[in-house]
Amino acid sequence: MKQIFVILFLVSIHTANAKFEDKNAIYTTGELNVGNYIGVGLNLNYVYNEEYSFSIGYTGNIRKPITQPDNFSSGFVGIMFFGLSNPFDHFDTYHLSVGQIYKLDKSGAIRVNFSAGLGYTTIKEPENWEVNGDGIVGTNYTWDYNEYNTISFIINPRIEYLYSRYFGLTLSPMLQINKDRINYGIGAGLMIGLLRK
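Residues numbered from 1 in each chain as written. Predicted model: local features only at pLDDT ≥ 70, side-chain atom pairs only at ≥ 80, totals over all residues. Heavy atoms only, no water.

On to the overall build of the protein chain, then. Of regular secondary structure, the protein chain possesses three helices and nine strands. Starting at the N terminus and walking to the C terminus, you meet the elements of the protein chain as α-α-β-β-β-α-β-β-β-β-β-β. Sequence separation of at least 24 residues holds for 62% of the intrachain contacts in the protein chain that already meet a minimum separation of 6. For the protein chain, the exposed surface amounts to about 11000 Å²; the carbon and sulfur share of it is 65%. (Helix = DSSP H or I, 4+ residues; strand = E, 2+ residues; numbered from the N terminus. Contact = heavy atoms within 4.5 Å. Areas by Shrake-Rupley, 256 points an atom, 1.4 Å probe, with all protein chains shown as cover.)

This is the structure:
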């Protein structure tokens, strides 16, 4: 999926011309987020006439499993790999959002992009924990993953600081709600592309 965003970004920059730039902006955003999960977000954004926005993107999030036994140990192997071999709760979403842009200064270099939309979310969580060893070398438990999909409603306003015509910074609170889980947090990241005329 990441490769698709890179290709779309490169094609969008290559095909942009002066007429397109008068009314349109197209750029990518990459963010790190923290909240009840931690993760990353990648988005392809389109802004029309510096007023309306459309975004397609992906967020991938993990956290320590809620169901993890209190005496779980990742062992020596887990320490050597910084816990990356440990189980995690996953909350991954592909989303489409629409929004409206409000300029916070006369030049439009600082703006708020009020954005909301729908997402297709995959939730993956470990279950069926069984004791397996003492946790000295490897983990002291085995587990299975339960994976299922749902539709999420997403609210994701972004404060965007356009450092230049082609580069900027974002700060964005986020709320994803579905019938099974809520994911909330705040993200910070970079904007690269054609940001404004």
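Another point: the environment of L169. As for its position among the elements, L169 is in strand β8 (residues 167–177). The spacing of L169 and E31 is 138 residues in sequence and 9.4 Å in space, taken between C-alpha atoms. In this view, L169 contacts I159, E160, Y161, G189, L190 and M191; residues no more than four positions away in its chain are not counted.

Moving on, we come to the side chain of N45. Mapped onto the elements, N45 comes out in strand β2 (residues 38–48). Only 3.2 Å separates the side chain of N45 from the side chain of S55, close enough to count as a polar contact. Other than its neighbours up to four places away in sequence, N45 contacts A25, I26, Y27, T28, T29, F54, S55 and R158. (Polar contact = N/O pair within 3.5 Å; in protein donor to acceptor, adjacent residues only side chain to side chain.)

A word on the packing of aromatic side chains. Under the defined criterion, the tally for this structure stands at six aromatic pairs. Each ring, one from Y163 and one from F167, has its centre 6.3 Å from the other, and the planes form 90 degrees; the classification is edge-to-face. Owing to a relative accessible area of 31%, F167 belongs among the partly exposed residues under this scheme. Put simply, the rings of Y161, Y163 and F167 touch in pairs and so form one group of aromatic residues. The side chain of K124 reaches across the aromatic face of Y145, ending 4.6 Å from its centre. (Phe/Tyr/Trp six-rings, centres within 6.5 Å; stacked < 30°, edge-to-face > 60°. Buried < 20%, exposed > 50% of the residue type's maximum accessible area, 1.4 Å probe, protein only. Lys NZ or Arg CZ within 6 Å of the ring centre and 35° of its normal.)

Here strand β7 (residues 158–162) shows one buried face, formed by R158, E160 and L162, and one open face, formed by I159 and Y161. One ladder, built from four bridges, connects strand β5 (residues 110–131) with β7; its direction is antiparallel. Residue N113 lies in a different strand from β7, and its bridge partner there is R158. Here β7 pairs with β8 via four bridges, running antiparallel. Looking across to β8, one finds that E160 is bridged to T170. Hairpin connection, β7 to β8: the antiparallel pair is bridged by four residues. (Pairing = 2+ DSSP bridges.)

A word on the environment of H95. Tracing the backbone shows H95 in strand β4 (residues 89–103). In the structure, H95 is positioned 36 residues away from T59 in sequence and 8.3 Å away in space, judged by C-alpha atoms. In this structure, H95 is in contact with N43, S55, I56, G57, Y58, L118, G119 and I154, ignoring residues within four places of it in sequence. Within the local environment of H95, its side chain forms a polar contact with the side chain of S97, the two groups lying 3.5 Å apart.

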